[in-house]
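A closer look at the structure
What follows is the residue order along each chain.
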Amino acid sequence: MPMYQNGEVDPAVRALEARQDEIMRKLYELKAAVEGLAKTVTTPDADLDLTVSSSLSSQSTTTFKGIADLDAVLGKDPGALRDIVINANPAQPPLTLLVLHSLLCQRYRVLSNVHVHSSVSSVPPQLLSCLGPRHADSYARRLFQLGFTLIWKDVPKLQMKFSVQSMCPIEGEANVARFLFKLLALYPSDPAAATMVDNWVDTAFFQLAEGSTKERAAVLRALNSALGRNPWLAGSEFSLADVACYCCVLQSGSASSAPANVQRWIKSCENLGHFGPAKLLLK
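Bear in mind that the values here come from a model prediction, so they are computed numbers and not experimental data.

Side-chain alternation along strand β5 (residues 159-162) places Q159 and K161 on one buried face and M160 and F162 on a second face that is also buried. One ladder, built from 4 bridges, connects strand β2 (residues 82-88) with β5; its direction is antiparallel. In the sheet register, N87 faces β5, and the bridge partner there is Q159.

Pasting the structure below:
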């Protein structure tokens, strides 16, 4: 390496080395993107035009009773990163999935990516960054357990695919939310408790999110009554019922007029710290 008489490295050479390092970093990132997208290009709706962000979130302290096993839900795939690919319409951002993504990042090492499909002309900045900031190690797929790819696309209904072999499709935000929650915790083994959770999830999406003003008012009364008996909708433990109902209450604009027990519950949800990504999209 050329040096001056005093032993210092030639600045031009140092600049050339820095440029070479930057080129190698970009090549690693490009290689990672190609490897990740190779799992989705086998289906006609998986062409992606713009890679926006990749992130790795560290595990935290939130725990659930009856923690689920990743292999039990997604199947064993030794040595490979399991990818979940979600197509969502930017006109209807899936708030519940952003909350569940936050929770998944505490349970697993998650490689998160946001893409824009060619069917969408433009996407607001907050949607491009909704899964968090890019992580420096995003090119090293071997460091992660789960891939979470969100594609903003002009679709009539939210779609999710997983599994390298079958790319099994699941449609509808409620169904995808149920699937993702099973990666966090087991559904209640008691049929009555499981039915209660499912009932609140359906109520959230079909009556709060899509119902009339009268239906929403009836749901708020039901929420208030249930939360007068228990701290959470399904009893003493936080569950998918709380995630779904919280997001749909906020998205429907009903939070400010909600009765006392619902107001208290909204604050309890927010104190958990997982609902920040959903609230940002509503601003």
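So much for the structure itself; the text now carries on.
This part covers helix α3 (residues 95-107). Here α3 contains 13 residues, and its C-alpha end-to-end distance of 19 Å stays within 8% of the 18 Å for a straight helix at 1.5 Å per residue. The element α3 is extensively covered by neighbouring structure, given that 12 of its 13 residues are classed as buried. Taken together, the buried positions of α3 are occupied by L95, T96, L97, L98, V99, L100, H101, S102, L103, L104, C105 and Q106.

By secondary structure assignment, the location of H101 is in helix α3. A polar contact of 2.6 Å, which involves the side chain of H101, links it to the side chain of S112. Here H101 is in contact with V110, S112, L131 and F148, once residues within four sequence places are set aside.

Moving on, we get to the packing of aromatic side chains. This model, assessed by the stated rule, comprises 4 aromatic pairs. With a centroid separation of 6.4 Å and 70 degrees between ring planes, the pair formed by Y246 and W265 is classed as edge-to-face. Linking Y246 in helix α8 (residues 240-251) with W265 in helix α9 (residues 260-271), this pair joins segments that are 19 residues apart in sequence. Seen from their ring centres, Y246 and F275 are 4.1 Å apart, and the 50 degrees between their planes marks the pair as tilted. Of this pair, Y246 sits in helix α8 while F275 is found in the loop between α9 and α10 (276-281), placing the two residues 29 residues apart along the sequence. Overall, Y246 belongs to the buried group, its relative accessible area being 0%. Judged by its relative accessible area of 1%, F275 is buried. Feature note: the residues W232, F238, Y246, W265 and F275 constitute an aromatic cluster, connected by ring pairs.

Let us look at the confidence of the model for the protein. Segments scoring low in pLDDT should not have their predicted coordinates read at a detailed level. Per-residue confidence for the protein gives a mean pLDDT of 79, with 72% of residues at or over 70. Contacts of residues 39-63 to residues separated by more than four positions or lying in other chains number 74 contacts, the stretch itself having pLDDT below 50.

What follows is about the pairing of strand β4 (residues 146-152). Among the 7 residues in β4, 7 count as buried, and that is most of the element. With burial as the criterion, each face of β4 is covered, one bearing L146, F148, L150 and W152 and the other bearing G147, T149 and I151. Pairing geometry for strand β3 (residues 110-116) and β4, over 7 bridges, is parallel. Its bridge partner being in β4, N113 is matched across the sheet by T149.

About the thresholds
- Residues numbered from 1 in each chain as written.
- Predicted model: local features only at pLDDT ≥ 70, side-chain atom pairs only at ≥ 80, totals over all residues.
- Heavy atoms only, no water.
- Buried < 20%, exposed > 50% of the residue type's maximum accessible area, 1.4 Å probe, protein only.
- Helix = DSSP H or I, 4+ residues; strand = E, 2+ residues; numbered from the N terminus.
- Pairing = 2+ DSSP bridges.
- Expected span 1.5 Å × (residues − 1).
- Polar contact = N/O pair within 3.5 Å; in protein donor to acceptor, adjacent residues only side chain to side chain.
- Contact = heavy atoms within 4.5 Å.
- Phe/Tyr/Trp six-rings, centres within 6.5 Å; stacked < 30°, edge-to-face > 60°.
- pLDDT = per-residue confidence, 0-100.

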